[in-house]
Amino acid sequence: MSVDQRAGAGRGDGRLPDGRHGPGRGLTARDYMTEQRPTWCPGCGDFGILAALREALLQEGIAPHEAVVVSGIGCGSKLPDYMRVNGFMTLHGRPLPVATGFRLANPAMRVIVVDGDGDAYGIGGNHWLHTCRRNPGLVHLVENNQIYALTKGQYSPTTEQGTRTTTSPEGSIERPVNPIRTALAAGATFVARGFAGEPKELARLIREALHHRGYALLDILQPCITYNKVNTYDWYAERIVRLESEGHDPSDFDAAWARAGEFGERIPVGVFYRTEEVPAYEERVPGLKRGPVVERPLDDLDEAAFEALERELV
Amino acid sequence: MSVDQRAGAGRGDGRLPDGRHGPGRGLTARDYMTEQRPTWCPGCGDFGILAALREALLQEGIAPHEAVVVSGIGCGSKLPDYMRVNGFMTLHGRPLPVATGFRLANPAMRVIVVDGDGDAYGIGGNHWLHTCRRNPGLVHLVENNQIYALTKGQYSPTTEQGTRTTTSPEGSIERPVNPIRTALAAGATFVARGFAGEPKELARLIREALHHRGYALLDILQPCITYNKVNTYDWYAERIVRLESEGHDPSDFDAAWARAGEFGERIPVGVFYRTEEVPAYEERVPGLKRGPVVERPLDDLDEAAFEALERELV
Amino acid sequence: MRDQDVSLVIGGDAGQGVESSGAGFSSALARAGYHIFSIADYRSRIRGGHNFYQIRAATRPVASHLDPPALLLALTAESVELHLESLAPDAAVLYDSSFRLDAGAVERSGRLAVPVPMNEIAMRHGSKVMMNTAALAAAASLLRFPLQRMEAVIRQNFARKGERVVEGNLAVARETYEQVRRSPAAARFRYRLPGLPGQPERMLLHGNHAFCLGAVAAGCRFVAAYPMTPATTILEWMTAHAEPLGIVTKHAEDELAAICMAIGAGFAGARALCSTSGGGFSLMTEALGLAGMTETPVVVVDVQRGGPSTGLPTRTEQADLLFVLHASQGDFPRFVLAPGDHVEAFETAMRAFNLAEKYQTPVVVLSDQFLASSLRTLDFGRLRRDAVPVERGKTRRPGEPPLPGERGPGGGQEDGPAAGRDGYLRFAFTPDGISPRVLPGDPEAVYGAPSDEHDEAGHITEEIDNRKRMMEKRMRKLETALAAGEMRGPRRVGPAEAEVTLLAWGSMLGPASEALVLLEREGVRANLLHWCDLWPFAGEAAERELRRVRRGVVVEQNYSGQFRRFLRMTTGYEAEGLVRRYDGRPLEPGEIARGVLKEVGAGVR
Amino acid sequence: MRDQDVSLVIGGDAGQGVESSGAGFSSALARAGYHIFSIADYRSRIRGGHNFYQIRAATRPVASHLDPPALLLALTAESVELHLESLAPDAAVLYDSSFRLDAGAVERSGRLAVPVPMNEIAMRHGSKVMMNTAALAAAASLLRFPLQRMEAVIRQNFARKGERVVEGNLAVARETYEQVRRSPAAARFRYRLPGLPGQPERMLLHGNHAFCLGAVAAGCRFVAAYPMTPATTILEWMTAHAEPLGIVTKHAEDELAAICMAIGAGFAGARALCSTSGGGFSLMTEALGLAGMTETPVVVVDVQRGGPSTGLPTRTEQADLLFVLHASQGDFPRFVLAPGDHVEAFETAMRAFNLAEKYQTPVVVLSDQFLASSLRTLDFGRLRRDAVPVERGKTRRPGEPPLPGERGPGGGQEDGPAAGRDGYLRFAFTPDGISPRVLPGDPEAVYGAPSDEHDEAGHITEEIDNRKRMMEKRMRKLETALAAGEMRGPRRVGPAEAEVTLLAWGSMLGPASEALVLLEREGVRANLLHWCDLWPFAGEAAERELRRVRRGVVVEQNYSGQFRRFLRMTTGYEAEGLVRRYDGRPLEPGEIARGVLKEVGAGVR
Ligand SMILES: Cc1ncc(C[n+]2csc(CCOP(=O)(O)OP(=O)(O)O)c2C)c(N)n1
Ligand SMILES: Cc1ncc(C[n+]2csc(CCOP(=O)(O)OP(=O)(O)O)c2C)c(N)n1
Ligand code: SF4
Ligand code: SF4
Ligand SMILES: [Mg+2]
Ligand SMILES: [Mg+2]
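What counts, and at which threshold
Residues numbered from 1 in each chain as written. Chains lettered and ligands numbered in written order. Predicted model: local features only at pLDDT ≥ 70, side-chain atom pairs only at ≥ 80, totals over all residues. Heavy atoms only, no water. Helix = DSSP H or I, 4+ residues; strand = E, 2+ residues; numbered from the N terminus. Rg over C-alpha atoms; globule rule 2.2 N^0.38 Å. Buried < 20%, exposed > 50% of the residue type's maximum accessible area, 1.4 Å probe, protein only. Contact = heavy atoms within 4.5 Å. Areas by Shrake-Rupley, 256 points an atom, 1.4 Å probe, with all protein chains shown as cover. Lys, Arg positive; Asp, Glu negative; His and termini not counted. Charge placed at Lys NZ, Arg CZ, Asp CG, Glu CD. Donors = N, O, S within 2.8 Å, 3.2 Å for Na, K, Ca; no water. Domains from an automatic or database assignment. Buried area = accessible area lost by both parts, 1.4 Å probe. Salt bridge = Lys/Arg side-chain N within 4 Å of Asp/Glu carboxyl O. Polar contact = N/O pair within 3.5 Å; in protein donor to acceptor, adjacent residues only side chain to side chain. Nonpolar A, V, L, I, M, F, W, Y, C, P; charged D, E, K, R; others polar. Core = buried A, V, L, I, M, F, W, Y, C linked by side-chain atoms within 4.5 Å. Pairing = 2+ DSSP bridges. Axes fitted to C-alpha atoms, helices over the stretch in contact; angles between N-to-C directions. Near = heavy atom within 4 Å. Right-handed = clockwise from strand over helix to strand, strands pointing away.

1. Considering the overall build of chain C
Next up, step 1: Along chain C, the regular secondary structure elements total 21 helices and 23 strands.
Next up, step 2: Against the globule reference of 25 Å for 605 residues, chain C gives a C-alpha radius of gyration of 27 Å, in line with a compact fold.
Next up, step 3: Counting only C-alpha atoms and orienting by the principal axes, one finds that chain C spans roughly 90 × 60 × 45 Å.
Next up, step 4: Looking at chain C as a whole, 71% of its 605 residues are labelled buried.
Next up, step 5: For chain C, long-range pairs separated by at least 24 residues make up 73% of all intrachain contacts whose partners lie at least 6 apart in sequence.
Next up, step 6: Accessible surface computed for chain C: about 18300 Å², of which carbon and sulfur atoms make up 49%.
Next up, step 7: Within chain C, one finds 71 positive and 73 negative side-chain charges whose respective centroids are separated by 6 Å.

2. A word on the coordination of the magnesium ion (ligand 5)
Residue and element names in this part refer to chain A.
Next up, step 1: Coordination of the magnesium ion (ligand 5) by the protein comes from D117 (OD), N145 (OD1) and I147 (O), over a distance range of 2.0 to 2.2 Å.
Next up, step 2: In primary sequence terms, the donor set of the magnesium ion (ligand 5) follows D-x27-N-x1-I. In this pair, D117 sits in helix α4 (residues 117-123) while I147 sits in the loop between β4 (138-144) and α6 (179-186), placing the two residues 30 residues apart along the sequence.

3. Quick notes on the domain arrangement of chain C
Residues and elements named next belong to chain C.
Next up, step 1: Annotation of chain C at the domain level lists domain 1 (5-199), domain 2 (206-387), domain 3 (395-486) and domain 4 (491-603).
Next up, step 2: Measuring from the centre of the C-alpha atoms in domain 3 to the corresponding centre in domain 4 gives 42 Å.
Next up, step 3: Across the contact, 4 residues belong to domain 3 and 5 residues belong to domain 4.
Next up, step 4: Contact with domain 4 buries area across many residues of domain 3, yet L478, L482 and E486 alone supply 93% of it, more than any other trio.

4. Observations regarding the interface of chain A and chain C
Often, the extent of an interface is quoted as the loss of accessible area upon association of its parts.
Next up, step 1: Taken residue by residue, the interface counts 58 residues in chain A and 71 residues in chain C.
Next up, step 2: The three residues of chain A that bury the most area against chain C are F88, L298 and L313 of chain A, which together make up 14% of that side's buried surface.
Next up, step 3: Here chain A is connected to chain C by 5 salt bridges.
Next up, step 4: Two residues, E303 of chain A and R385 of chain C, come together in a salt bridge whose shortest N-O distance is 3.4 Å.
Next up, step 5: The tally of links from chain A across to chain C stands at 25 residue pairs in polar contact (both at pLDDT 80 or more).
Next up, step 6: Of all the secondary structure elements, the ones that give two or more residues to the side of chain A that touches chain C are β2 (86-89), α3 (95-105), α5 (125-134) and α11 (303-311) of chain A.
Next up, step 7: The leading source of residues in the side of chain A that touches chain C is α3 of chain A, at 7 residues.
Next up, step 8: Split by residue class, the side of chain A that touches chain C holds 27 nonpolar, 13 polar and 18 charged.

5. Points about the nonpolar core
Next up, step 1: Counting residues in each nonpolar core, the largest one holds 220 residues, and the members touching the most others are W531 of chain C together with W531 of chain D.
Next up, step 2: Not counting residues within four places of it along the chain, the set of residues in contact with W531 of chain C comprises A338, G489, P490, L503, A504, W505, G506, F537, A542, L546, F563 and L567 of chain C.

6. Concerning the sheet that holds strand β7 (residues 240-242) of chain A
Next up, step 1: Judged by pairing direction, the sheet is mixed, and its 9 strands sit side by side in the order β7(A)-β8(A)-β5(A)-β6(A)-β4(A)-β3(A)-β1(A)-β2(A)-β17(C) without closing on themselves. Here the strands that pair on one side only, and so sit at the sheet edges, are β7 of chain A together with β17 (448-450) of chain C. Recorded for the sheet is a direction-independent mean angle of 20° between the axes of neighbouring strands.
Next up, step 2: When β4 of chain A meets strand β6 (residues 216-221) of chain A, the two strands line up parallel, connected through 6 bridges. Bridge pairing links N144 of chain A to L221 of chain A in β6 of chain A.
Next up, step 3: Along the sheet, α6 of chain A makes contact with β4, β5 (190-195), β6 and β8 (267-274) of chain A, crossing β5 of chain A at roughly 165°.

7. A closer look at the interface of chain D and chain B
Next up, step 1: At the interface, 72 residues of chain D touch 58 residues of chain B.
Next up, step 2: Scanning the region where chain D abuts chain B turns up 5 salt bridges.
Next up, step 3: Here K289 of chain B ties to E243 of chain D by a salt bridge, and the two come within 3.1 Å at their closest N and O atoms.
Next up, step 4: Linking chain D to chain B there are 25 residue pairs in polar contact (both at pLDDT 80 or more).
Next up, step 5: Among the elements that take part in the side of chain D that touches chain B, helix α12 (residues 255-268) of chain D stands out by supplying 9 residues, more than any other.
Next up, step 6: Across the side of chain D that touches chain B, the residue classes tally to 37 nonpolar, 15 polar and 20 charged.
Next up, step 7: Sheet topology note: the strand β2 (residues 86-89) of chain B/strand β17 (residues 448-450) of chain D ladder contains 3 bridges and is parallel. Along β17 of chain D, the bridge assignment pairs F88 of chain B with A449 of chain D.

8. Regarding the environment of A139 of chain D
Residues and elements named next belong to chain D.
Next up, step 1: Relative to the helices and strands, A139 resides in helix α5 (residues 131-142).
Next up, step 2: Overall, A139 belongs to the buried group, its relative accessible area being 0%.
Next up, step 3: For the pair A139 and N119, spaced 20 residues apart in the sequence, the C-alpha separation amounts to 15 Å.
Next up, step 4: Once residues within four sequence positions are removed from consideration, A139 is found in contact with F25, L71, L73 and L94.

9. As for the site of ligand 1
Next up, step 1: In the vicinity of ligand 1 lie 23 residues, with C75, D117, G118 and N145 of chain A together with E255 of chain D positioned nearest.
Next up, step 2: With respect to ligand 1, its neighbouring residues span chains A, C and D.
Next up, step 3: For ligand 1, an oxygen atom lies 3.1 Å from a polar atom in the backbone of G76 of chain A.
Next up, step 4: E255 of chain D is positioned with one of its side-chain polar atoms (N or O) 2.5 Å from a nitrogen atom of ligand 1.
Next up, step 5: Relative to its unbound accessible area of 590 Å², ligand 1 is 98% covered by the protein chains.
Next up, step 6: It is α4 of chain A that provides the largest number of residues to the shell around ligand 1, a total of 4 residues.
Next up, step 7: Looking at the shell around ligand 1, its residues break down into 11 nonpolar, 7 polar and 5 charged.

10. So, the pattern of salt bridges
Next up, step 1: Counting across every chain of the model gives 127 salt bridges over all chains.
Next up, step 2: Among the salt bridges present, the one from E246 of chain A reaches R259 of chain A, with a minimum N-O distance of 2.7 Å. Highlighted residues: E246 of chain A in the loop between β7 and α9 (253-260) and R259 of chain A in helix α9, separated in sequence by 13 residues.
Next up, step 3: R581 of chain C is the partner of E591 of chain C in a salt bridge, and the nearest nitrogen-oxygen pair spans 3.0 Å. Separated by 10 residues along the polypeptide, E591 of chain C in helix α21 (residues 589-600) and R581 of chain C in the loop between β23 (577-580) and α21 bring together distant segments of the chain.
Next up, step 4: A residue is classified by how much of its surface remains accessible, and E591 of chain C, at 23% relative accessible area, is partly exposed.
Next up, step 5: Ionic contacts of the salt-bridge type, sharing partners, join the residues E201, R204, E208, E244, R274 and E276 of chain A into one network.

11. A word on the side chain of T570 of chain C
Next up, step 1: Mapped onto the fold, T570 of chain C is located in helix α20 (residues 562-571).
Next up, step 2: Its relative accessible area of 17% is what places T570 of chain C among the buried residues.
Next up, step 3: At 3.3 Å, the side chain of T570 of chain C forms a polar contact with the backbone oxygen of L567 of chain C.
Next up, step 4: Ignoring anything within four residues of it in the chain, the contact list for T570 of chain C reads W535, F537 and E543 of chain C together with R568 of chain D.

12. Digging into the coordination of the magnesium ion (ligand 6)
Next up, step 1: For the magnesium ion (ligand 6), every protein donor is listed as D117 of chain B (OD), N145 of chain B (OD1) and I147 of chain B (O), and the spread of their distances is 2.0 to 2.2 Å.
Next up, step 2: For the magnesium ion (ligand 6), the donor residues sit on a single chain with the sequence spacing D-x27-N-x1-I.

13. Considerations on the pairing of strand β22 (residues 551-556) of chain D
Residue and element names in this part refer to chain D.
Next up, step 1: In terms of burial, β22 is largely enclosed, as 5 of its 6 residues are buried.
Next up, step 2: The pairing of strand β19 (residues 500-505) with β22 spans 5 bridges and is classified as parallel. Paired with L503 across the bridge in β22 is V554.
Next up, step 3: By the bridge criterion, 4 bridges tie β22 to strand β23 (residues 577-580) in an arrangement that is parallel. The partner of V554 across the bridge, within β23, is L578.
Next up, step 4: Viewed along the sheet, the connection from β22 through helix α20 (residues 562-571) into β23 turns out right-handed.

Here it is as structure tokens:
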């Protein structure tokens, strides 16, 4: 089922309740541009991710003011600074809870998290684990360059064993995280992998994620041309296989688990797993039954209600 | 293969290099006792875990001074205070890194982590995730009572969906962590589940874990008679099935993954998965090639070696 | 009617229901018209170990617990041993007749030994668990407290357990009440708490309740926290009221997440709260700086407990002061407020949310276990919502008309050099340091907020001149707040001129105030300066008052005299004396008075 | 030979190799016999944006960078724009002939414009990347610095890239050198850095190197950290030397884990280090209290950078002072030391590990980006290991003979009431507050260490009297350290009597010392009091020195004058003036001197 077929197909389509989103709203690529120039190394994979995100928002008709991009700290986490969109560049490892808080206070806005493999799977691992099972309506783009880039080349949670970095001069002795498998085990309801070297395809995956009801993890293979001389564009390109073209059924959890085990000679990209059966967290929060917090007046507690609270204490 | 058969079977047997450990060293149950009386509620599952741990150490011939029990904060984390053993009662959620540091500084001692489900899978989740893939030689006993007990009954990461607690008066809306599956996905090399209501059997499992080469997770179902009125002794007893008696092969990763999915009408206990193929982290640390840090003199850097360091800077 | 001021203690083991009995009796006394101040003393464990509950009931409002108690209700023999010494000379000791107890020792100490077959009566009408009912009825009887008041509380407490349980308990209460009333001891006991007809109904609430009421009154509709004694009841109260009031509450995976969620919600425009104790606050320090740097409003309440580290989890201390004032790397503006009592806790909550939004900064409220957990009565009308009207300052929602100066110099132009494409400068340099804030979602104001240093439009920059101006802009908010009179100087209690001045902050307001009365009884004319507002510090007001101090004694609950050092740092004033306690138990007025006398020595009078 | 003291700047874009060129030139100058002080100014990004590197070379030891530079080596046209103003009036500007640059403007400003076809020469002998070699050769030539010194560095730096690359670079260097030497500009340039024959070899190291050397010399064999600029090079250096020196280094999953690992290792008996910057330190505050409460030795170094929050990641600041002094809930003993320069960084590392073990507490070393990253030359023999012999105090390993008092009062008896079954009291009350510590593994000393309050044997207890005594015992360690003379008062630089006294701490030692010379040139007799040891604070020594201060000006790198406030809190002394910088760039001696003159105004002379 393609994105466009599914658009508007009920709860999981990610649309705002009032149908504000959607293509054909007169938005243009220019709307997502700023005069700020990226400080990334020329050739960095983050350029592809930036382009893909802009494209996806445009195609989905999500205007810059209707979304917020929450990022961590690292090379890739500077992304919101380089496009026109609401941005919150938070702390290393903490964008998920910040984004969750935002989403729970204002579920009418689209909340997109962009961070690095260090942010997401390293220092921020606990938030990730709990976000997977909590399932808030967030799109999570992990710029996975398998290295700590901004701090100049230490091994990251996804660095392959044996890789020499400044903190592993004899080769890293830790087995890497498998983000896809871990997310599946932790209960994620949308788990996908993309490649920064294919921005068009990546944009399509981001759109898929934007249509998901709950938490959508999109792990993005991102070449870092300066500090990762192993996992280059060519290295990835040689290994990438497409789940879609290999007949993978993203609704099949066991198949997803099996395919998630591959990362070596063959690296599958695409949607591993997706279910729309699990409600987004915010759909079930009792405190939101009266509507988004930010849309209610601050003084909606009237005199009688307040006195009732006091009377409970007699 | 039973524990006794395997004892002494090479690297994975958990023995000290000099064979100091082992049964028949004249140790008695009394050696593990203190005059300190547990403050747990009468009937608490933690009593069974305490008994099982004492029993396992005795049977393995690990003397109190040869082990250190590192705990977090919670009802169950008071355990080291109630037995004679070196204890380090650390912070809520942090026993794993403290224990890892201890183990890397002194791999000659047995390091056992005891903490709650809140510690291990809640606030300490990130350490857990990375400990699984890092594989240090730690035995990790999680007193999983599916509740925050010491703080008087809030939902924990393992509380079942829909359970009413003080922080989920309408029923918890988060899907619980599946500790077994998450550990498997994260790369754990020994993953087991025990039941506090069967201390003998539990002691056997702890002994298995003590024989493991790397990180051994033992998730222990622990009734909390005060705050968890759902998952009682009876509730567990009715559901427990034994992996061993059902012919499960712990070396079969896929079978382990499949069985780990069961938690409801049937709750498997026993060893889900075990491999001795992965070296313990400390076996591969370059800095340990010269032996345990704590056994080397503080001034083992001689004048010539120091000057060589200075000369690198010319 | 004569003035009454009676303290009583219920002592027993954890798990015996000491706290619920204490709360129940407090409630009965309150409904009978007494002013109440109650504290619970319990251990960080679920069962076992001695706990006690101290209730003070008086015909005038009371601000603190007060020793010595006139009555001990002993649920274990051990509690007699532990409390006997601290009782009033003519106190009574109520205990179960079956206890192996040296009644002679009690009598020799001058106290009245009152054995009552509570257990037996309980067993006769139901079961052992009804013994607490018997005990409360015995105490009521001894104090001549009307039986029907006890009956009402029993009915209410046991209602959900069914009629049989209610009836059983009522029977137990009646029989015990009668038996004690007719005992010779009753006649000898001189303390009385008769019913007080004509008194108005009052609330009976603890400090965390008061804070919660203030928070919801201020429009707080987002709470993220991780359970931690003694802050947990804030999250729990908020969660219990989440659905009807429309509050999003999140029990997060840890404190790092809790504050980050609150900051995310604050960024979105919610009034967001994060409640914790010192250990959790430690985990929040990094994110506190995030709020400071990105100028995101958030309120954090640190309900202090005994430290360091896990320390004394269920006990009180005021030892996070210097930490909270300076927590997180670098310099950034913050507010720190430490309410003195239940009313101030309510008001401080309201002020905190206003300050957070008006100044776009984090606000830390310093409470502690003593304030958080002590129960006291308040007249209706004492919690005045209108005293602190909701103010958001320069904040607007999407769609609302632009704020003055929102478009900045040269703003509003497409691609204008200063304001960026959106013509909106989220971090505009302004004379007062506060930049107009448009909540995310406005088509005319799309912007970013980075934890890195940034320019007026919110883009990351390391440029020198911008950095200086941005730093100054942020820090200027503190001066603006001071100039606007947001920060209060010390509140003076007692006479304007005094021989000795007590200097206190936070929860010590009540005990220190009551100590003044005791000092006066000793012939010492004393007054009190009490600070709620700690940062930014209203230095001028403080110095004005401090200049009048003849002999100053700081009263606080920590080892190192943190407030004393703080006063020196901010005003240069060095207090002569220090009365402190650091064993986790709240300073009691008598203890303060004695401590003050000792500190200022023979010099007084 | 005449005294030389020349500063030069290399400016260009990130990714252009500014830093490696600067380090290479520094190294060549150092080997030629110059004393060097170099700083890098770079941005928190991998490529793009202006960076620069400033080298000071002198014939006498230098303790700071010093403006104005005599030479600008411009790798981009932009760098001319940015630096021209700050150059010495007779400075030279070296740039590529192809730059579109208004040479006339340079000349009109009085400076010498020296265009060199560096790019062209580079292309001719190899490729564009060799332009940096050309640039360095050009600078060398202009300064009359011997070509063969540059050649040696080129050989070394390019050796691993193969002979062809080496040869190409050498050819580039030679041709450029020759061409500049023959240029008319060369004759007009008055600054010279000829070879200095006969000078001893020296180390060239940055502050983090010095700290690492001190740590390994002190027996530190365990490092856990999470990468964070500008502390990362500590972890990296340690890791690079892990195998040969037998150091366990762990790049942890986060800072929470890093400090907990270090504490676990410290508990086991290793000398354990944890390196971080302010943001990481924020995450460590909770565990700092764990170390304090369980009396576990651990050393944490906070290499400060520009805050708040992510702030200015690659820049310097001294704004974590008050935070670090009070971090974590509750009161517990800690040491805080802030070394002033490279030699003191070495020594402080050694002292830190001794203090941590002798007093069984956490020790925090406050460094900063300026100290951590500035390169300077040191004579061999300056890093004196024997100055701080390894001391473990009352610590023993399993198997070693018992420590005095180890068995405590009543200890040694089986089931003895006080000492527990093992007869060993890990937390024994002692007059000096330090309890004998047996490392885990001893059959005679099995014990527990809880983060909850505990008794002498290490069991959890909330008992009042024990709590008081345990709290006092822990805190007494600070008095013991002071009484033992562990803590140093201020170091005085300059004359004993002065009109103006600079008051500084940490890395400001060098710049402030050099400012004294400049002040003297202005006719102002100034001296400096510099503090390395901040907590426990040697108050008496400080007060003794402060009493002699006529006009005091605090010099520090933060907005709010944290040290100035700290001095007031600890001594009551309120400095008259404050010279501060808070844009992340290190204060420079000239700037300090001007600032001091401004602060004390016309009052001086
Ligand atoms: C608490 C904290 N610790 C450490 C850092 C330093 N730091 C900045 S970015 C980064 C890692 C970057 O790696 P990653 O998240 O993979 O992003 P990348 O730069 O590779 O895009 C680190 C460790 C920080 N900013 N905050
Ligand atoms: C940083 C921090 N946050 C919160 C707490 C309060 N706290 C103590 S125990 C506990 C949870 C206990 O749950 P669990 O780990 O499951 O242990 P249990 O009591 O159930 O055995 C919490 C939240 C704490 N001590 N430290
Ligand atoms: S260092 Fe790597 S990740 Fe960072 S900008 Fe350069 S290429 Fe991209
Ligand atoms: S509250 Fe639960 S976990 Fe804690 S001691 Fe009691 S039964 Fe055990
Ligand atoms: Mg990365
Ligand atoms: Mg639990």
